[in-house]
Amino acid sequence: MEYDHMKPDTWPPPQIPPIPIEVNQAACEANLVIFVGAGVSRLMGCPSWDQFADAALGQLVEQGLITFGDVQQLSHLPAKLRLSISLQISESETLDYAALIQPKHPSNSRVYEYLNSIGCVYVTTNYDRFLDSTLGKDEPDLICSRRQLKGLRLREPGTVIHLHGSIDKPESVIMATPQYLEHYNDEQVQYFLDELFNRHTVLFLGYGLEEWEVLEHMLRKRKQFVLSGFYAHQRKTFSHLYKYLEFRVSNIVPPYIFG
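## Here we look at helix α5 (residues 79–90)
And step 1. Taking 1.5 Å per residue, 12 residues should reach 16 Å; α5 reaches 16 Å between its end C-alpha atoms and fits that length.
And step 2. Among the residues of α5, Ala79, Arg82, Leu83, Ser84, Ser86, Leu87 and Ser90 are the ones counted as buried.
And step 3. Buried-residue contacts for α5 involve α3 (49–62), α4 (68–74), α6 (97–101) and α9 (177–185).
And step 4. Glutamate 91, located one to two residues past α5, shows a positive phi value of around 55°.

In structure tokens, the structure reads:
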């Protein structure tokens, strides 16, 4: 199927967007990597970044490290900044990541089963193990540290790479701003990302615009596809976001936005 660029004035976008020809071709050539973000885990009942940050501060209150007044003073800050402060207060030793991440009201979503049925390589910035648990392996290998990225084969179907760590190994979790900076300045991480984006077609799922700053430096040299949903009354929002993304990734093929 020939794939045309969407335009800001194309309204309404198709309800079920056609698959870009590059993605189809990469899947047929076993060269597709799916990059899974927090939006996918939210379908399973996992918390949003705001909920996650609030829960982290709540744990610190329960442990007597801060007061409700402190939480109130921090409440206006962005979620990831609140998380960075939480880690600073706790010194990364008192937060129960599993309790923060695991759904309090799990859903019956089969999204991870569907993703794993594609049979490609998966990279995720999520800390949970939902992606691993639907692979059909008794004890799937946990890849969540920088040292494991060296020489990693990206053509082994079913491989899951936790780029920001896993709750099963709390010491691997990348959450605070200084940790992000150190992580992405690491030569092994940079080499892995170069290998990933230079040799593979990468499809991002479950990422919002608030996470663009984390991802932007990965995407500067590559064509990219953005899948985003809109309600019927959001035509102006659709146009504004299209232009925003086109500006943020200038000199790259404009992103696709679908309804």
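## Re the packing of α3 against α5
And step 1. The interhelical angle for the contact between α3 and α5, taken along N-to-C directions, is 25°, at an axis separation of 8 Å. Viewed along their axes, α3 and α5 adopt a mutual orientation that is roughly parallel. Like other packed secondary-structure pairs, α3 and α5 cross with a definite hand, here left-handed. Contacts from Trp49, Asp50, Phe52, Ala53, Asp54, Ala56, Leu57 and Leu60 of α3 reach α5 at Ala79, Lys80, Arg82, Leu83, Ser86, Ile89 and Ser90.
And step 2. Among the residues making up the contact of α3 with α5, the classes are represented as 9 nonpolar, 2 polar and 4 charged.

## With respect to the environment of glutamine 102
And step 1. Here glutamine 102 shows up in the loop between α6 and α7 (111–116).
And step 2. What makes glutamine 102 partly exposed here is its relative accessible area of 35%.
And step 3. Between the alpha carbons of glutamine 102 and glycine 45 there is a distance of 8.0 Å; along the sequence they are 57 residues apart.
And step 4. Discounting residues that sit within four places of it in the chain, glutamine 102 has contacts with Phe130 and Ile167.

## With respect to the confidence of the model for the chain
A low pLDDT means the predicted coordinates there should not be read in detail.
And step 1. Within the chain, residue pLDDT values average 81, and 78% of them lie at 70 or more.
And step 2. In the model of the chain, helix α11 (residues 212–219) stands out as the element of lowest mean pLDDT, 56, in contrast to strand β3 (residues 160–162), which has the highest, 95.
And step 3. Within the model, the stretch residues 250–259 combines pLDDT values under 50 with 51 contacts to residues more than four positions away or in other chains.

## Quick look at the environment of proline 12
And step 1. Along the chain, the position of proline 12 falls in the segment before α1 (21–28).
And step 2. Among the residues examined, proline 12 registers a relative accessible area of 59% and is labelled exposed.
And step 3. For proline 12 and arginine 235, which are 223 residues apart along the polypeptide, the C-alpha to C-alpha distance reads 7.6 Å.

## Observations concerning the sheet that holds strand β2 (residues 121–124)
And step 1. Reading across the sheet, the 4 strands line up as β3-β2-β1-β4 and stay open at both edges, with parallel pairing between neighbours. Strands with a single pairing partner mark the edges of an open sheet, and in this sheet they are β3 and β4 (201–205). Neighbouring strand axes in the sheet, compared pairwise and without regard to direction, differ in orientation by 20° on average.
And step 2. Where β2 and β3 come together, 3 bridges link them in parallel fashion.

## Quick notes on the nonpolar core
And step 1. Counting residues in hydrophobic clusters, the biggest one holds 43 residues, and the most contacted among them are Phe35, Tyr127, Phe192 and Leu196.
And step 2. Put simply, the parts of the chain that give this core at least two residues each are β1 (32–36), α3, α5, α6, β2, α9, α10 (187–199) and β4.
And step 3. Sort the elements by how many residues they give to this core and α3 lands first, with 7 residues.
And step 4. Val111, Tyr112, Leu115 and Cys120 belong to the second-largest nonpolar core, a separate cluster that totals 17 residues.

## Some details on the pairing of β1
And step 1. By the criterion of burial, β1 is predominantly enclosed, with 5 of the 5 residues buried.
And step 2. When β1 meets β4, the two strands line up parallel, connected through 5 bridges. Along β4, the bridge assignment pairs isoleucine 34 with leucine 203.
And step 3. With 4 bridges connecting them, β1 and β2 associate as parallel partners.

## Details of α9
And step 1. The complete set of buried residues in α9 reads Tyr180, His183 and Tyr184. With its buried residues spanning 85° around the axis, α9 presents them on a single face. Facing away from the buried surface of α9 by more than 90 degrees, the exposed residues are Pro178, Leu181 and Asn185.

## Re the packing of aromatic side chains
And step 1. Scanning the model with the defined rule gives 8 aromatic pairs in all.
And step 2. Seen in terms of ring centroids, tryptophan 49 and phenylalanine 52 are 6.0 Å apart; in terms of plane orientation they differ by 55°. Their pairing is tilted. Placement of the pair is tryptophan 49 and phenylalanine 52 together in helix α3, with a separation of 3 residues, close to one helical turn. Phenylalanine 52 carries the same exposure label as tryptophan 49, and that label is buried.
And step 3. Between tyrosine 112 and phenylalanine 130, the aromatic rings sit 6.0 Å apart at their centres with planes inclined by 15°, giving stacked as the arrangement. Within this pair, whereas tyrosine 112 is found in helix α7, its partner phenylalanine 130 is found in helix α8 (residues 130–133), the two being separated by 18 residues in sequence. Here the two residues tyrosine 112 and phenylalanine 130 agree in accessibility, since each one is buried.
And step 4. Through pairs of rings, three or more aromatic residues link up here, namely Phe35, Phe197, Phe204 and Tyr207.
And step 5. Across the ring face of tryptophan 49, the terminal group of lysine 80 is positioned such that the distance to the ring centre comes to 4.6 Å.

Calculation notes
The residue numbers shown here count from 1 along each chain, following its written sequence. Owing to the predicted nature of the model, reporting of local features is limited to residues with pLDDT of at least 70; listing and counting of side-chain atom pairs is limited to 80 or more, with chain, interface and lining totals taken over all residues. Derived side-chain values reflect all non-hydrogen atoms in the structure, with water molecules and hydrogen atoms excluded from consideration. Here a strand is any run of E in DSSP of at least two residues, a helix any run of H or I of at least four, and the numbering for each starts at the N terminus. Here the expected length of a helix is defined as 1.5 Å per residue gap, with one fewer gap than residues. Buried means the residue's accessible area, taken with a 1.4 Å probe over protein chains only, is under 20% of the maximum for its type, while exposed means over 50%, and partly exposed covers the values in between. For this analysis, residues touch if any pair of their heavy atoms sits within 4.5 Å. For every element, the axis is a line fit to its C-alpha atoms; helices are fit only across the contacting stretch, and the angle between N-to-C directions ranges from 0 to 180 degrees. Any angle between 65 and 115 degrees counts as roughly perpendicular, while under 35 counts as roughly parallel, over 145 as roughly antiparallel, and the rest as oblique. Crossing handedness is defined as follows: a turn of the near helix away from the far one that is anticlockwise and smaller than a right angle gives a left-handed crossing, while the clockwise case is right-handed. Just so you know the grouping, Ala, Val, Leu, Ile, Met, Phe, Trp, Tyr, Cys and Pro go in nonpolar, Asp, Glu, Lys and Arg go in charged, and all remaining residues, Gly too, go in polar. Within a predicted model, pLDDT stands for the predictor's per-residue confidence, ranging from 0 to 100. Being paired, for any two strands, means DSSP has found at least two bridges between them. Among the buried residues, those of types Ala, Val, Leu, Ile, Met, Phe, Trp, Tyr and Cys that are joined through side-chain atoms within 4.5 Å form a nonpolar core. What the arc describes is the spread of directions from the helix axis to the C-beta atoms. The pairing test for Phe, Tyr and Trp rings, Trp by its six-membered ring, is centres within 6.5 Å, and the orientation test on the planes gives stacked under 30 degrees, edge-to-face over 60, and tilted for anything in between. Placement of a charge over a ring requires the Lys NZ or Arg CZ to be within 6 Å of the ring centre, with the centre-to-atom vector within 35 degrees of the ring normal.

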